[in-house]
Amino acid sequence: MEAYDVIIIGAGHNGLVCASYLLKAGYTVLLLEKRSVPGGAATTEEALPKEAPGFKFNLCAIDHEFIHLGPVLQELELEKYGLEYLFCSPVVFCPHPDGKYFLGHRSVEKTCAEIARYNERDAKKYAEYTDFWQRVLGAMIPMFNAPPKSIVDIVGNYDFKKLKDLLSVLGPPDKTLDFIRTMLTSAEDVINEWFDSEFLKAPLARLASELGAPPSQKSLAVGAIMMAMRHNPGMARPRGGTGALVKALLNLVTSLGGTVLTDQHVEQVLVDDGRAVGVRLAHGKEYRATRGVISNIDAKRLFLQLIDPSDVDAADPELRERLERRIVNNNETILKIDLALDEPLRFEHHDHKDEYLIGSILIADSVKQVETAHSDPAVGKIPLEDPSMYLVVPTMLDPSMAPPGKHTAWIEFFAPYQIDGAEGTGLNGTGWTDELKNQVADRVIDKLAEYAPNVKRSTIARRVESPAELGERLGAYKGNYYHIDMTLDQMVFFRPLPELANYKTPIEGLYLTGAGTHPGGSISGMPGRNCARVFLYAQQPLAQTLKNAGNALKSTVESFFT
Ligand SMILES: Cc1cc2nc3c(=O)[nH]c(=O)nc-3n(C[C@H](O)[C@H](O)[C@H](O)COP(=O)(O)OP(=O)(O)OC[C@H]3O[C@@H](n4cnc5c(N)ncnc54)[C@H](O)[C@@H]3O)c2cc1C
């Protein structure tokens, strides 16, 4: 049987990041990916080869912010492996039905000037609001970039600036309590506290809700950082699409001697005497792992689908029931529409400028509409009465993604995985059929046409992926785009459950990475890097502790002198 030090189940971007660190540390690594294309929810594919050859589509992730909050890109030197990030500015355009619009630039000052055209007070408040959430972000970054239970790592990540940010949001008891109070409120509460104008509140609510919950959800005020991040570190896309990040990681992994095999569906993790020793594939082949098995898929899938129940029970008799019943998954997922376009969209009723098409375009008419966009899917309803959507025209920033002069559109529409009342019908019993997904897409496009009337006549071809199809492609439970929900009860040392939150599991040699672990979903590479640190620590605890403490001390001291 072929043997490697480490086997990674799934070649999503987190699995690839994790593999890169382990290979750099000298371990042999095999990645096994079920699809024919590595990258998971981070691929760029020519998805309409017959109808629209030469058009490249990001099937899932497009806008990258979180990866710029950590050291992955620099530490792995991904530029050397072909990765180039293109930063967006403007970062957001949101046309309002009354003719106003929100145009967010990377620069806070320019954004305030745009807001001031309609509301001086909100413009002034926007600068304060952004400054506050920037400091919250600065205070949180050290936690993102460390295993949640590794105090040395976390403390070591605080340089002078981040310590200052932390102290500025906390402080005397009443200030600290007030900060906690803010964090316990909802994005909607915070937005209402700061602003008056709907044309500004609606896009801010839409972005905050990208965490996957309605703006009214208590304890998710932190969603407000989603706009703050677009100012600093900024929002960027790899030239050539999100898949270019995966390509660079693949170049690195293979140059370090790693092996990535596609079309390899892992069916079982082999456990011997309480230790993970290898995997078996769907077609029966087995691989041995001498040091460990790492899962890029979430704990629920791993323990409930890929491990013999008796092995799980022997390690922790309560785990299967806790995973089954305690993990929250609110039924919201995405109906994805990709368009091949003959010409760029034109926002005729809003004094069209091509710069509107550089960042993300939000169709978010009101906070109430955004609320429905998330609350309907939770109860199995398709929020079609007045669709809200997140739209991007990637070819405006990066023309290499389509034939010369042509364009694409990327549309994310929140929708339920299981349609209420349609149980047992459609794909996998979800109620989703080809006919229904196309009806929904037609309605979404009708809404978009109210703002960009040329969308219909300029469409050459389109691809619509229903929530059930997305779930099947990614393998995630209920098509969850973050593997498991990103609510406060499932974040940091609660993600996915306290006993699994530090990337280790009760089965020796079995580790978890990916969106279902801290700090969660999105393109960040952080779960991959953090998991690699925990794995390396487990191999040589003393040496790794001394190395981490040394690095931490060095960077803290350096930050005081720079
Ligand atoms: C439609 C959509 C839009 C998004 N937009 C954005 C965005 O703009 N910005 C952003 O930051 N994030 C976005 N996200 C979220 C982001 O893409 C994901 O959170 C992130 O890519 C997850 O990466 P991962 O490596 O943790 O997991 P995944 O990408 O899910 O990787 C897991 C891998 O494991 C493989 N696999 C599963 N089961 C098996 C098995 N049994 N055997 C072998 N392989 C297996 C899968 O095929 C997959 O390749 C979006 C997600 C979706 C779905």
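Numbering of residues starts from 1 in every chain and runs along the sequence as written. Side-chain atom pairs in this predicted model are given and counted only at pLDDT of 80 or more, local residue features only at pLDDT of at least 70, and totals for whole chains, interfaces and linings cover all residues. Working from all heavy atoms in the structure, the side-chain values ignore hydrogens and water.

### Comments concerning the environment of S388
Along the chain, S388 turns up in the loop between α15 (367-378) and β15 (389-392). We classify S388 as buried; its relative accessible area is 2%. Taking the C-alpha atoms as reference points, S388 and S366, 22 residues apart in sequence, are found 9.2 Å from one another. Note on contacts: a residue pair qualifies if any of its non-hydrogen atoms lie within 4.5 Å across the two residues. With residues near it in sequence (within four places) discarded, S388 still touches R206, I363, A364, Q369, V370, A373 and F413. Looking at S388, its side chain comes within polar contact range of the main-chain oxygen of I363, at 2.8 Å. Counting from the N terminus, the helices are DSSP H or I runs at least four residues long and the strands are E runs at least two residues long. For every residue, the accessible area obtained with a 1.4 Å probe (protein chains only) is divided by the maximum for its type, and the residue is called buried under 20%, exposed over 50%, and partly exposed between those limits. Two N or O atoms form a polar contact when they lie within 3.5 Å of each other; inside protein one atom must be a possible hydrogen donor and the other a possible acceptor, and for residues adjacent in sequence the pair counts only when both atoms belong to side chains.

### Comments concerning α15
Each helix should span, by expectation, one fewer than its residue count multiplied by 1.5 Å. An ideal rise of 1.5 Å per residue puts 16 Å on twelve residues; α15 measures up with 17 Å between its terminal C-alpha atoms. As for α15, its buried residues are in contact with α8 (187-194), α9 (198-208), β13 (332-341), β14 (360-363), β16 (407-416) and α17 (434-451). Immediately downstream of α15, the backbone of G380 shows phi near 85 degrees, a positive value.

### Here's the deal with the sheet that holds β16
Strands pair, by our definition, only if DSSP identifies at least two bridges between them. Reading across from one edge, β7-β6-β14-β15-β16-β13-β17 is the order of the seven strands in this open sheet, with mixed pairing throughout. The open sheet terminates on both sides in strands that have one partner only, identified here as β7 (101-104) and β17 (459-465). Within the sheet, the average angular offset between the axes of one strand and its neighbour, ignoring direction, is 20 degrees. Here β13 runs beside β16; their pairing, made up of ten bridges, is antiparallel. Its bridge partner lying in β16, I337 is registered against I411. Here, axes are lines fitted to C-alpha atoms. For helices the fit covers the stretch in contact, and angles between N-to-C directions go from 0 to 180 degrees.

### Here's the deal with a nonpolar patch on the surface
For patch detection, residues must exceed 30% relative accessible area and be free of salt bridges, and they are connected within 9 Å for like charges or within 5 Å for nonpolar side chains (Val, Leu, Ile, Met, Phe, Trp, Tyr). Residue exposure ignores everything except the shown protein chains as possible cover, and the areas themselves are Shrake-Rupley values with a 1.4 Å probe. Take a side-chain nitrogen of Lys or Arg and a carboxyl oxygen of Asp or Glu: if they are within 4 Å of each other, that pair is a salt bridge. Among the surface-exposed residues, L177, I180, L184 and L488 lie close enough to one another that they form a single nonpolar patch of about 370 Å² accessible area. Note on placement: I180 falls in helix α7 (residues 173-184). On the basis of relative accessible area, I180 is assigned to the partly exposed category, the value being 42%.

### Describing the site of the ligand
Only a single heavy atom is needed: when it lies within 4 Å of a molecule or strand, its residue is near that molecule or strand. Looking at the ligand, there are 32 residues lining it, with E33, A41, A515, S522 and I523 nearest. Between the ligand and I523, the relevant distance is 2.8 Å, taken from an oxygen atom to a main-chain nitrogen or oxygen of the residue. Protein chains bury 96% of the 1000 Å² of accessible surface belonging to the ligand in isolation. Looking at the shell around the ligand residue by residue, the class counts come to 15 nonpolar, 13 polar and four charged. The split of the chain into domains comes from an automatic or database domain assignment. In terms of domain composition, the shell around the ligand takes at least three residues from each of domain 1 (2-44 + 72-84 + 240-327 + 480-561) and domain 3 (330-479). For this scheme, ten residues count as nonpolar: Ala, Val, Leu, Ile, Met, Phe, Trp, Tyr, Cys and Pro. Four count as charged, namely Asp, Glu, Lys and Arg, and the remainder, Gly too, count as polar.

### As for the packing of helix α1 (residues 13-24) against helix α11 (residues 243-255)
Running from N to C, α1 and α11 cross one another at 25 degrees; their axes reach a closest spacing of 9 Å. In terms of orientation, α1 lies roughly parallel with respect to α11. Relative to α11, the crossing made by α1 is left-handed. Of the residues in α11, those touching α1 at H13, L16, V17, A19, S20 and L23 are L245, V246, L249, L250, L252 and V253. Residue composition of the contact of α1 with α11, by class: ten nonpolar, two polar and no charged. Note on angle classes: values under 35 degrees are labelled roughly parallel, values over 145 roughly antiparallel, values of 65 to 115 roughly perpendicular, and the remainder oblique. Left-handed is the label given to a crossing in which the near helix is rotated counterclockwise from the far helix by less than a right angle, and right-handed is the label when the rotation is clockwise.

### Let's talk about the pattern of salt bridges
Using the criterion set out here, one finds 41 salt bridges in the structure. Across the salt bridge formed by R230 and E65, the nearest N and O atoms sit 3.4 Å from each other. Of this pair, R230 sits in helix α10 (residues 225-234) while E65 sits in the loop between β4 (57-58) and α2 (72-75), and the two are 165 residues apart along the sequence. Residues R230 and E65 agree in their burial class; the two are buried. A salt bridge links D98 to K100; the nearest nitrogen and oxygen atoms lie 2.9 Å apart.

### Re the side chain of N454
Of note, N454 is situated in the loop between α17 and α18 (455-458). For N454, the residues in contact, after removing those within four places along its chain, are E343, P344, L345 and R346.

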